[in-house]
Amino acid sequence: MNPSNAARSRPSHFAWAACLLIGLVVAGCENREEVARTESEKEANRIFVELARAGIGKVEKLETKEQRKSGWSISVMSTDANRAREILLACDLPREARGGFKAMAEQGGMIPTKSEERAKLIYAMSEELSRTFETYDRVIAARVHIVLPEKDPLRRDSTTKPSTSATVMIKYTGIKPPEDAPVTPPATRPGQAPDPYPDAPIKQADVQQIVSKSVEGLSPDSVFVAMSRAEPLPTTLPSSGGSTTGDGSDRKLMIQLLAAAAIFGVISILLTALLVREKRRQRLAQTDAA
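Residues numbered from 1 in each chain as written. Predicted model: local features only at pLDDT ≥ 70, side-chain atom pairs only at ≥ 80, totals over all residues. Heavy atoms only, no water.

By size, the foremost hydrophobic cluster in this structure holds 22 residues, and its most contacted members are F133, I146, V168, I170, V207, V211 and M227. Put simply, the parts of the chain that give this core at least two residues each are α5 (114-134), β4 (139-147), β5 (165-173), α6 (204-214) and β6 (223-230). Setting aside its immediate chain neighbours within four residues, I170 contacts F133, V139, A141, A142, I202, V207, A226, M227 and S228. Ranked by size, the runner-up nonpolar core spans 17 residues in total, among them V59, A84, C91 and L93. (Core = buried A, V, L, I, M, F, W, Y, C linked by side-chain atoms within 4.5 Å. Buried < 20%, exposed > 50% of the residue type's maximum accessible area, 1.4 Å probe, protein only. Helix = DSSP H or I, 4+ residues; strand = E, 2+ residues; numbered from the N terminus. Contact = heavy atoms within 4.5 Å.)

With that settled, the discussion passes to the sheet that holds β5. On the basis of which strands lie adjacent, the open sheet formed by three strands has the order β4-β5-β6 and mixed pairing. Every other strand in the sheet has two partners, leaving β4 and β6 as the edge strands with one partner each. Averaged over all pairs of adjacent strands, the angle between their axes in this sheet comes to 10°, without regard to strand direction. The sheet contacts of α5 involve β4 and β5, and relative to β4 the element is tilted by about 155°. Its contacts with the sheet place α6 against β5 and β6, and it is angled at close to 135° to β6. (Pairing = 2+ DSSP bridges. Axes fitted to C-alpha atoms, helices over the stretch in contact; angles between N-to-C directions.)

This brings us to the sheet that holds strand β3 (residues 69-77). In spatial order, the strands read β1-β3-β2; together these three strands make up an open sheet with antiparallel pairing. Edge positions in the sheet fall to β1 (32-38) and β2 (60-66), since each has one partner strand and no second. Averaged over neighbouring strand pairs, the angle between their axes works out to 35° when direction is ignored. When β2 meets β3, the two strands line up antiparallel, connected through seven bridges. When the bridges of β3 are listed, E66 appears paired with K69. Lying over the sheet, helix α2 (residues 41-53) contacts β1, β2 and β3, oriented at roughly 10° with respect to β3. Sheet contacts for helix α3 (residues 81-90): β1 and β3; angle to β1, the most-contacted strand, approximately 20°.

Once that is clear, we can look at the packing of α5 against α6. At a minimum axis separation of 11 Å, α5 and α6 run at an interaxial angle of 145°. In this structure, the crossing between α5 and α6 has a hand that is right-handed. Contacts from M125, L129 and F133 of α5 reach α6 at V207, I210, V211 and S214. Of the residues contributing to the contact of α5 with α6, the split by class is six nonpolar, one polar and no charged. (Left-handed = near helix turned anticlockwise from the far one by under 90°. Nonpolar A, V, L, I, M, F, W, Y, C, P; charged D, E, K, R; others polar.)

Spelled out as structure tokens, the structure:
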């Protein structure tokens, strides 16, 4: 190999090493961390929207495949990982998959017993009603428990016959009124107690009607509704630069970018010095040859 060609190839090796080092530094500045994983794309979209609404910047949703089973991964910047997990915990995300009537049909045995059929029916109705209430906006979680007494054809005394009942628990995100809004009690009818949850996405009377119309032999008065109000999450609007991280995150990112720029400058100086040195060596070699 010609010595002059070997001398020319040396700077190129240093250039490749410099590019690799710069790539590693830039990748270090984009350190991300996974905060949630779910099998439902709809649930992944819900997580994405909630994190963005709460002010978490640079949220990514990626499709993953493990053992021929697809899923979705949600990742954020490492500086926002702890806050993102707190938001998901407050919003009860990702939600557990519910079986409903589909699971009841798929898990049927060869010869199911009467008790198994009854238990599956109660579970399926409860899950279907829970999913119905969770479709409402601002509903975090919903649970429905149905008490369906077993029919006894030999019992004639109707006074001691157990009646069908249900209990519904709904957890929702409240609405924060404006600071300048006047405090006025909700309007009620004469003799009617004020609603303790006026900002609920669904009224208790509507819950009772939905459940009673879905379960045979259930009256609205036999449906007990419990509401749980969660404090609204603080909403942080993105800045003009597109970053929604806090002051500490911005400062850390700026330090990382400055460090990357400094390393790039040092590498550029070294490469320039090497190029000048090689050129001088080539000129001296040409002079000696002449």
